[in-house]
Amino acid sequence: MTQPDPVIDNVVRRSIAKMIQGRETSDGAGVKLRRYIATPELDMLDPFLLLDSFRSDDPDDYIAGFPPHPHRGFETVTYLLAGRMRHKDSTGREGVIQAGGVQWMTAGSGIEHSEMPEQEQGLLDGFQLWVNLPAAKKMQQPRYQEFEPEQIPLEQRADGIEIHVIAGTTSRGTIGAVKDVSAAPMYFDITLPAGKALHENVPAGYNGFIYLIEGAVTINGDNEQELQAKTLAVLTEGDCVEVAARSDSRFLLIAGKPFNEPVARYGPFVMNTQDEIQQAFTDYREGHFGQIKQE
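Cut-offs used in this document
- Residues numbered from 1 in each chain as written.
- Predicted model: local features only at pLDDT ≥ 70, side-chain atom pairs only at ≥ 80, totals over all residues.
- Heavy atoms only, no water.
- Salt bridge = Lys/Arg side-chain N within 4 Å of Asp/Glu carboxyl O.
- Helix = DSSP H or I, 4+ residues; strand = E, 2+ residues; numbered from the N terminus.
- Buried < 20%, exposed > 50% of the residue type's maximum accessible area, 1.4 Å probe, protein only.
- Pairing = 2+ DSSP bridges.
- Axes fitted to C-alpha atoms, helices over the stretch in contact; angles between N-to-C directions.

A.B. asks: Please clarify how the pattern of salt bridges should be interpreted in this entry.
C.D. replies: Should their charged atoms come close, side chains of opposite charge can pair. Tallied over the entire structure, the rule returns 18 salt bridges. With a shortest N-O distance of 2.6 Å, Arg265 and Asp43 are connected by a salt bridge. Pair noted here: Arg265 is in strand 25 (residues 264–266) and Asp43 is in the loop between strand 5 (31–37) and strand 6 (48–56), with a separation of 222 residues, a long-range link. By relative accessible area, Asp43 is classed as partly exposed at 46%. A salt bridge links Asp159 to Lys196, with the shortest nitrogen-to-oxygen separation between them at 3.8 Å. Of the two residues, Asp159 sits in the loop between strand 15 (154–156) and strand 16 (162–167) while Lys196 sits in the loop between strand 17 (186–192) and strand 18 (197–201), which places them 37 residues apart along the sequence. On the basis of relative accessible area, Lys196 is assigned to the partly exposed category, the value being 29%. Put simply, Arg84, Arg86, Glu94 and Glu118 are held in one network by salt bridges that share partners.

Here it is as structure tokens:
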């Protein structure tokens, strides 16, 4: 497979800066998952604070879910490939995230919510991404953007290439469902058939990564360095990315504008200073985040 030169007409193609295999861990009430961002290998990738992948058809791995817990100062993004997840929160909002659907929650000044599997058996497969907020937006009112699978724009290109556009705008002009996010991110779910290649713009100055869900790909040739499934590739600086599929592949392409601000975080709170973290704990203990009503 012929690979393009890294620079053509002053356009710089991104390559692999680092590959992350992730670490097995658990969260919530014991949900088994693999963490890629917020690990010793990759503490954060501004503006991205955490990336977890969860996939199991064993209910013991996920059935306990994520009981009520608080957040302040950032955004949580839940994207499901299979299964169903019910959420409730301290604003009184409740719903079910379906396979292929997404929930982009801006915690802002503070919210308490729960996420519980809406199934007792079968495959649960998906991701949770944490996206930082700038200092000026950390105490904004909490809000949601939630979309069913059929509401996620699908861009179909030649040769069977498909892009589900969750956020951002593709080089062909397809605009994602999620809008008005401080980090101005791109979040694409891309299907790339074997032997095909994808060229996609990634704004200069953005931090970005690819998470390979399945298959095998090369990124800008990279001296034939191959990215295997269940691996995250941090991308170098550049204007675009070229991905070539060695086999039928599916991957997430995610990038965002860094804030370049101090980050103080502890558990479910992400602020700019330790004093703000302490204030978040105080506010939560005093009930300023509200309480989830349990049935």
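A.B. asks: Explanation requested: the sheet that holds strand 24 (residues 249–256) in the structure shown.
C.D. replies: Picture the strands of a sheet paired through backbone hydrogen bonds; they go either parallel or antiparallel. Read from one edge to the other, the open sheet built from 7 strands follows the order 3-22-19-24-17-16-15, with strand pairing classed as antiparallel. Each end of this open sheet is capped by a strand with a single partner; those strands are strand 3 (16–20) and strand 15. The average angle at which neighbouring strand axes cross in this sheet is 20°, direction not considered. Bridge analysis of strand 17 against strand 24 gives 7 bridges, and the strand direction is antiparallel. The residue of strand 24 that forms the bridge with Tyr187 is Ile254.

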